[in-house]
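# Notes for the structure review
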Amino acid sequence: MIEYREFLYVAVTLCALAAVMSKNMLTSAISLAAMSVGVALILFDFNAPWAAVFELSVCAGLITVLFISAVSLLRKEEAFFAEDRTRFRLLPLFALIVAIGGWIAGWPFFEALADYARFGARGQSLGSMLWETRRMDLLGQIAILAAGVLVINSVFAVKKAEK
Amino acid sequence: MTISLLQYMLIPLFSALLIPFVARRRGRLAEIFATVTLLAGLINIGWTLLNPAVLASGFSALGEDGFSLLMIFTIYLVGLCVAFFSASYGDGRGVNTAYFYPLLLVSVSAMCGAVTSTDFFTLFIFVEVLAVASFALMTSDDTKEGIEGAVKYYLLTFPASAVIMLGLAVMLLSAGTFSFDSIRIIIYSGTSGPALIFSLALMLLGFLVKSGVVPFHVWTPDAYQGSYAPVSAFLAGIVTKISGVYAVVRIAMFLRLFETGAFRLSEVLMFLGMVTIAVGAIAAMKQDDFKRMLAFSSISQTGYIVLAAGLATPLAFIGAIFHLFNHATFKTVLFLNSASLEKATGTRDMNKLGGMEHAMPWTSWTSVIAMLSTAGVPPLSGFWSKIIIIIALWDAGAVTYAVLALLFSALTLAYFVVMQRRIFFGRKSPAAEAAAEVSPALLAPAVLMSAVIVAAGLLFPYFFSYLAETIASRMVL
Amino acid sequence: MSASFATAWYFAALLFFIGLYCMAASRNLLRQLIGLEVMSKGSLLAIIASGAMSNLSLAQAVIITMIVIEVVVVAAGLVLLVKTYRVTGGVDVWKLSSLKG
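Now for a look at the structure at hand. This is a predicted model, so every value here is computed, not measured.

### Notes on the interface of chain B and chain A
- Taken together, the contact pairs 34 residues of chain B with 22 residues of chain A.
- Overall, the association of chain B and chain A removes approximately 2400 Å² of surface from exposure, summing both partners, and the carbon and sulfur fraction of that is 79%.
- Taken together, the links from chain B to chain A amount to one salt bridge.
- Salt-bridge contacts for Arg 134 of chain A lead to Asp 119 of chain B; the nearest nitrogen and oxygen are separated by 2.7 Å.
- Where chain B packs against chain A, one counts two residue pairs in polar contact (both at pLDDT 80 or more).
- Mapped onto the side of chain B that touches chain A, the elements with two or more residues apiece are α1 (3-22), α5 (97-116), α6 (120-138), α7 (144-175), α8 (180-189) and α9 (193-211) of chain B.
- The element contributing the most residues to the side of chain B that touches chain A is α6 of chain B, with eight residues.
- The residue inventory of the side of chain B that touches chain A, partitioned by class, reads 25 nonpolar, six polar and three charged.

Below, the structure written as structure tokens:
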């Protein structure tokens, strides 16, 4: 009997394989979105609802929109070239080798790693964690959003100048 | 981060957000705004470091982390030089100043955030901000070369970030926290040693990719060579040093706290440093393009810092940090001057340049000072940092490394002397006949930096006491 | 508890490998971005599994920040893609090889 969480892991991995291997970029972007949904469900299962909501709205939503708009932008211009597909067809084989190798070598390593777990401050809520201990991270988020806005704007500014 | 250091991060960020609105109509305003912000920051940090009370007390009055303060000073110095230089350089080159300067300020702000953070995750965030801002800067003049450099940078630096995230995950597991102080205490308590070493090793791997140490140096020369000329100076002088090497030095400070077990990692670090010195120096000799030669020489200098960080004795850290500072000064001068040379002669091919000393005396002489400092000629600042590193290696019994480091330093010197004769001295080439000295505004940053190089060399005892007082005695316990 | 941790890390490593393989094998910048996305999902799984063992609210805070970083990185990558396309007329990264030596 496969448990719920294991099922999710397998589904996420399959979605990742589909995203990487599919020939059509649009299918790739949609598989990526499905993968994000799977990760969000895993986060819910790990009792991390806020992170899951972010994952669902930002990664499954916003990033997918970005990818699809890029795909449509490029498709119009017929920018796609024939890639050598054999490399991608070989991926499941390599993934299988890594999966089996990981089962033999990786699994005991991870179990040994788990022995070093240190139970930290569990009482703190997410809100107080973010606003009291991780205040600098919020500043970092502001900085990276500022950088992102400037980067995106700089491209569109050039576009306007060209017109 | 202490509150007093927060200003160095926040003010450039606010200024960066203001510029696109203020300078929408008039591009000049963006330059003025950026330069004034950076100048004010530089004066402020200069006063903090060098006010009479601090000097009189032999730097023991400084409350903050000396490494962070010195790095903030360096960041503002390089940032100011680059901003001032590009204000006169960029005329009519299709660079949108309303976005170039804000991105420059955002990266200054991100670097200040990175060096003042007291927490591995915060450090990681600011390094990411820096990566996003700097690869946008690389493509700011929209040339094919710039985009190629940026694509290579992007494709290597973000997988490296994913590796760092795995390292952070192991750290979260084994420590439950990211703060430097708590990690230090956990290392002393000796409970989760192997897992912590594993996490630091993963992070080290990521940051070594970001700093362009040899097996991962594919992107560095292309990024330095291809990007917009003032940005090359910014990248080589400070950006890759903060986003990679600074973190490597920080992590090395943690590695030496482990009683056993981390020495293997330190040995790997030293080995990579040595290989980097060798590969960078040898590859630099084969180049014809001035900027690409400088890029490989920069890789080679990074090797010295990594080598010293791997050794991890207090003296070695003093050498590494001082070399980090020196590298920022001399590589900024050289890259800015290569931009001036290109502007004046239209070429970067060293075979076509020659006898530039007659046509461009200021550019030539500041370059010569910076090159001699790179090669480690006394009494310039580069000599002192290299000699400290070599003495530290010798003291710790790593005689082979000390001899090799000395050997490659001599090799660098020999090569630079030959190259100076090729570019700056000797008979006037056709390129030199046609060229004229660039405007004083383009020379000022190089002259300022050269003055810093000479001053840091001559006032070396002050520097040494600063580093010994604030870094060796407080942080490297 | 430790078994669930090992499972999560096992799949995280697998995802990491798939993403890395995609980035190495592809010549298309857009597909490489997809590979990067898969890689960062792998590290996200690793972080939540670690957090569940030690400090869950810290892990949540970290993941929220990471997601914000991720979206900016992807957006910036797409900007780079647009710029590459505009300058070279394609998105083939192997055609970008004028710098050598």
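### Focus: the nonpolar core
- Ranked by internal contacts, the top residues of the largest apolar core, which has 302 residues, are Phe 67 of chain A, Phe 120 and Phe 234 of chain B together with Leu 30 of chain C.
- Counting contributing residues, this core receives three or more from each of domain 1 (1-105) and domain 2 (126-163) of chain A.

### So, a nonpolar patch on the surface
Residues and elements named next belong to chain A.
- Where nonpolar side chains cluster on the molecular surface, the patch consists of Tyr 4, Phe 7, Val 37, Leu 41, Phe 44, Val 53 and Leu 56 and spans about 620 Å² of accessible area.
- For the nonpolar patch, the secondary structure elements donating two or more residues are α1 (4-21), α2 (25-45) and α3 (49-76).
- With three residues, the single largest contributor to the nonpolar patch is α2.
- By secondary structure assignment, the location of Phe 7 is in helix α1.

### Focus on the packing of aromatic side chains
- The tally for this structure, following the rule as stated, stands at 34 aromatic pairs over all chains.
- Judged by centre distance (5.4 Å) and plane angle (80 degrees), the rings of Tyr 10 of chain C and Phe 11 of chain C are edge-to-face.
- A relative accessible area of 8% places Tyr 10 of chain C in the buried class.
- Taken together, Phe 73, Phe 322, Phe 325, Phe 383, Trp 384, Phe 460, Phe 463 and Phe 464 of chain B form an aromatic cluster joined through their ring pairs.
- In this arrangement the basic side chain of Arg 5 of chain A is found over the ring face of Phe 46 of chain A, its NZ or CZ atom lying 3.9 Å from the centre.

### Topic: helix α18 (residues 399-423) of chain B
Residue and element names in this part refer to chain B.
- In this model α18 runs 36 Å from its N-terminal to its C-terminal C-alpha over 25 residues, within 8% of the 36 Å that 1.5 Å per residue would give.
- Within the sequence span of α18, burial applies to Ala 402, Ala 405, Phe 408, Ser 409, Thr 412, Tyr 415, Phe 416, Met 419, Gln 420 and Ile 423.
- In this fold, the buried residues of α18 make contact with α12 (263-285), α13 (290-311), α14 (314-345), α15 (356-359), α16 (361-375) and α17 (381-395).

### Focus: the state of the cysteines
Residue and element names in this part refer to chain B.
- A complete count under the given rule lists zero disulfides over all chains for this structure.
- Unpaired in this structure, Cys 81 has its nearest cysteine sulfur neighbour in Cys 112, at a distance of 15 Å.
- Judged by relative accessible area, Cys 81 falls into the buried class, the value being 2%.
- Its relative accessible area of 1% is what places Cys 112 among the buried residues.

Thresholds applied
Residues numbered from 1 in each chain as written. Chains lettered and ligands numbered in written order. Predicted model: local features only at pLDDT ≥ 70, side-chain atom pairs only at ≥ 80, totals over all residues. Heavy atoms only, no water. Contact = heavy atoms within 4.5 Å. Buried area = accessible area lost by both parts, 1.4 Å probe. Salt bridge = Lys/Arg side-chain N within 4 Å of Asp/Glu carboxyl O. Polar contact = N/O pair within 3.5 Å; in protein donor to acceptor, adjacent residues only side chain to side chain. Helix = DSSP H or I, 4+ residues; strand = E, 2+ residues; numbered from the N terminus. Nonpolar A, V, L, I, M, F, W, Y, C, P; charged D, E, K, R; others polar. Core = buried A, V, L, I, M, F, W, Y, C linked by side-chain atoms within 4.5 Å. Buried < 20%, exposed > 50% of the residue type's maximum accessible area, 1.4 Å probe, protein only. Domains from an automatic or database assignment. Patch = residues over 30% accessible without salt bridge, like charges linked within 9 Å, V, L, I, M, F, W, Y side chains within 5 Å. Areas by Shrake-Rupley, 256 points an atom, 1.4 Å probe, with all protein chains shown as cover. Phe/Tyr/Trp six-rings, centres within 6.5 Å; stacked < 30°, edge-to-face > 60°. Lys NZ or Arg CZ within 6 Å of the ring centre and 35° of its normal. Expected span 1.5 Å × (residues − 1). Disulfide = S-S within 2.5 Å.

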